[in-house]
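# Analysis of the macromolecular model
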Amino acid sequence: MKIPTKTLDNSDNANLDNTNTLTILKHWIKEQALDLGFSDCGVVHPDNPIFPQQLAKLKQWLADGYHGNMNFFHENHDKRANPALLVAGTKSILSVRLDYLVTPPPKRSIPDNDYPNHAIIARYARGRDYHKIMRSRLKALALRIHDKLKTDYPQFADDFVFRPFSDSAPISERPLAEQAGLGWTGKHTLLINQKSGSFFVLGELFTSLPLPADSPVLPHCGSCSACMDICPTGAIVGEQLVDARRCISYLTIELDSEIPLELRPKMGNKIFGCDDCQLVCPWNKFAKLAKIDDFNPRHNLDSSSLLDLWGWDNAIFLANTEGSPLRRTGYDNFMRNIAVALGNAPFDQNIVDKLKQKYPTLSENAQIHIDWAIKQQLAKAKLT
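Bear in mind that the values here come from a model prediction, so they are computed numbers and not experimental data. (Residues numbered from 1 in each chain as written. Predicted model: local features only at pLDDT ≥ 70, side-chain atom pairs only at ≥ 80, totals over all residues. Heavy atoms only, no water.)

### A short note on the packing of aromatic side chains
The tally for this structure, following the rule as stated, stands at 15 aromatic pairs. On the numbers, 5.9 Å between centres and 85° between planes, the contact of tyrosine 100 with phenylalanine 199 is edge-to-face. Of the two residues, tyrosine 100 is situated in the loop between strand E3 (92-99) and strand E4 (120-121) and phenylalanine 199 in the loop between strand E7 (191-192) and strand E8 (200-207); the sequence distance between them amounts to 99 residues. Comparing tyrosine 100 with phenylalanine 199 shows no difference in burial state: the two are buried. (Phe/Tyr/Trp six-rings, centres within 6.5 Å; stacked < 30°, edge-to-face > 60°. Helix = DSSP H or I, 4+ residues; strand = E, 2+ residues; numbered from the N terminus. Buried < 20%, exposed > 50% of the residue type's maximum accessible area, 1.4 Å probe, protein only.)

### A word on the packing of helix H13 (residues 331-344) against helix H14 (residues 349-358)
It is the contact of H13 with H14, at a shortest axis distance of 11 Å, that shows an interaxial angle of 155°. In terms of axis orientation, H13 runs roughly antiparallel to H14. For the element pair H13 and H14, the recorded crossing hand is left-handed. For the pair H13 and H14, contact is made by Tyr331, Met335, Ala339 and Leu342 and by Ile351, Leu355 and Lys358, respectively. Grouping the constituent residues of the contact of H13 with H14 by class yields 6 nonpolar, no polar and 1 charged. (Axes fitted to C-alpha atoms, helices over the stretch in contact; angles between N-to-C directions. Parallel < 35°, antiparallel > 145°, perpendicular 65-115°, else oblique. Left-handed = near helix turned anticlockwise from the far one by under 90°. Contact = heavy atoms within 4.5 Å. Nonpolar A, V, L, I, M, F, W, Y, C, P; charged D, E, K, R; others polar.)

### Focus on unusual backbone geometry
Of note in this structure, aspartate 167 is not a glycine but carries a positive phi near 55°. As for its position among the elements, aspartate 167 is in the loop between strand E5 (160-165) and helix H7 (173-179). Backbone geometry at threonine 189 places phi at a positive 80°, although glycine is not the residue there. Looking at the element boundaries, threonine 189 is found in the loop between strand E6 (184-185) and E7.

### Considering helix H2 (residues 19-35)
Residue pairs three or four apart in sequence face the same way in an α-helix, which turns once every 3.6 residues. For H2, spanning 17 residues, the distance from its first C-alpha to its last is 24 Å, which sits close to the expected 24 Å at 1.5 Å a residue. Residues of H2 that are buried: Thr21, Leu22, Leu25, Lys26, Trp28, Ile29, Gln32 and Ala33. Down the axis of H2, the smallest arc covering the buried residues is 165°, so these residues share one side. Counted as exposed and oriented over 90 degrees from the buried face of H2: Thr19, Asn20, Glu31 and Asp35. At the C-terminal side of H2, glycine 37 shows a positive phi close to 105°. (Expected span 1.5 Å × (residues − 1). Arc of directions from axis to C-beta.)

### Description of the UniProt feature "binding site: [4Fe-4S] cluster 2" (unreviewed entry) in the protein
Within the UniProt annotation, "binding site: [4Fe-4S] cluster 2" (unreviewed entry) is assigned to Cys231, Cys247, Cys274 and Cys277. These annotated residues cover 47 residues of sequence, and their C-alpha atoms lie no more than 10.9 Å from one another, placing them together at a single site. Within the secondary structure, cysteine 247 sits in the loop between strand E10 (241-242) and helix H9 (248-254). Among residues more than four places away in sequence, those in contact with cysteine 247 are Thr233, Ala235 and Val242. By secondary structure assignment, the location of cysteine 274 is in the loop between strand E11 (270-272) and helix H10 (276-279). A relative accessible area of 18% means that cysteine 274 is categorised as buried. Filtering out sequence-adjacent residues up to four positions away, cysteine 274 remains in contact with Ala122, Ile248 and Ser249. (UniProt positions renumbered as here; feature names shortened; annotations may be inferred.)

### What to know about the UniProt feature "binding site: tRNA" (unreviewed entry) in the protein
As annotated in UniProt, the feature "binding site: tRNA" (unreviewed entry) corresponds to Asn314 in the numbering used here. Along the polypeptide, asparagine 314 turns up in helix H12 (residues 314-320).

### What about the packing of H2 against helix H5 (residues 130-152)?
Relative to each other, H2 and H5 sit at 140°, their axes nearing to 10 Å. In this view, H2 runs oblique relative to H5, as classed from their interaxial angle. Helix-helix and strand crossings are classified by hand; for H2 and H5 the assignment is right-handed. Between H2 and H5, the residues in contact are Leu25, Trp28, Ile29, Gln32, Ala33 and Asp35 and Leu141, Arg144, Ile145, Lys148 and Leu149, respectively. Its residues placed into classes, the contact of H2 with H5 shows 7 nonpolar, 1 polar and 3 charged.

### So, the pattern of salt bridges
Here the structure, examined in full by the defined rule, presents 16 salt bridges. For aspartate 112, the salt bridge identified is with arginine 123, shortest N-O distance 3.1 Å. Residue aspartate 112 is found in the loop between E3 and E4, and its partner arginine 123 is found in the loop between E4 and H5; the two are separated by 11 residues along the sequence. Residue class for aspartate 112 comes out buried when judged on its relative accessible area of 7%. Each of the salt bridges in this network shares a partner with another, and the network as a whole consists of Lys26, Lys30 and Asp214. (Salt bridge = Lys/Arg side-chain N within 4 Å of Asp/Glu carboxyl O.)

### Notes on the domain arrangement of the protein
Domain annotation of the protein identifies domain 1 (19-102 + 125-207) and domain 2 (305-383). The gap between the C-alpha centroids of domain 1 and domain 2 is 37 Å. Across the boundary between the two partners, domain 1 contributes 5 residues, which contact 4 residues of domain 2. At the boundary of domain 1 with domain 2, total buried surface from both sides reaches about 360 Å², with 64% on carbon and sulfur atoms. (Domains from an automatic or database assignment. Buried area = accessible area lost by both parts, 1.4 Å probe.)

### Some thoughts on the pairing of strand E2 (residues 40-44)
With 4 of 5 residues buried, E2 lies mostly within the body of the structure. One ladder, built from 5 bridges, connects E2 with E3; its direction is antiparallel. Residue pairing in the sheet places valine 43 in a bridge with leucine 94 of E3. (Pairing = 2+ DSSP bridges.)

### Comments concerning the pairing of E8
For E8, the tally of buried residues reaches 8 of 8 residues, placing the bulk of the element in the interior. The pairing of E3 with E8 spans 8 bridges and is classified as antiparallel. Its bridge partner being in E8, aspartate 99 is matched across the sheet by phenylalanine 200. Alignment of E5 against E8, held across 4 bridges, turns out to be antiparallel. Within the sheet, the bridge partner assigned to arginine 163 lies in E8 and is phenylalanine 206.

Shown next, in the form of structure tokens:
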């Protein structure tokens, strides 16, 4: 977004180089970010060498086929290498994060596995869609900045440009946030903050302000491999290297076809995303709770049974997922995921009956997974 005002003159250009003024302004911006509910805010420049370096890693990841069917990663490589191409006039990028936990995390354990009949949805996705939260608050931050510029720093108000992003453009978010000092990339590829763990989401505000950049954070994972060891499907194939084709988040959210047979039993009761690698991370003993109410669970999505959600029809799904990340899966894939989880649940004749009852109403792809789930349930019945 561009807010046109007067043209800069030579004296204003001199002020742009005033490091002290820009540093004071940056500190004020960070205070405003915290006031708006963000947990942290840092600055990185679009010409940071991390971007072309990250693109090289991405190309190797694509060559190895780890992206699965996420073909959008093949696009816009020029913008990934040079973020300034996304917004003309960008001189600095604000990286922010939002904590999303509403209850303290367990101490390095996976309590979700203790309730095999419960539907487990990743903790970030139980409330309002964070993309909407992030973009609206980033816009509010930008408008506060512009008001401040007009009153106290008029030399910066001229042709002020900004644009908010939240997983909505070809941006290497985690490397960007790392360079902005918000944390380091863990072996599971998620960002970890030394004082807040990893249960947070990221966003960016591109601006025309030439703010001083922050310093990156050194990694603090050491020899710990807890996240790699716990992954149910073995998706973390190396340090900071994930084979998305095996990742439960990919399988339950991005994949729009059959879930591989050999991975279905390993998914347990997870129907949208997975938190296991975060739950066992020792740094999450420092995890902070959300500062805003938007992440509070809706429609009992933190405590629903698999059969509760299996009872949703398409109309209920659309009503209960309005403004929710769950919309991304679509109804049939949501049912596909639940069918797999029901197949993994302890034997219950009621589960078998409910699976058969709903079978005719769903897509062929969902039916394939229902067939599998029924076979799994009947196989367990023979052992009881």
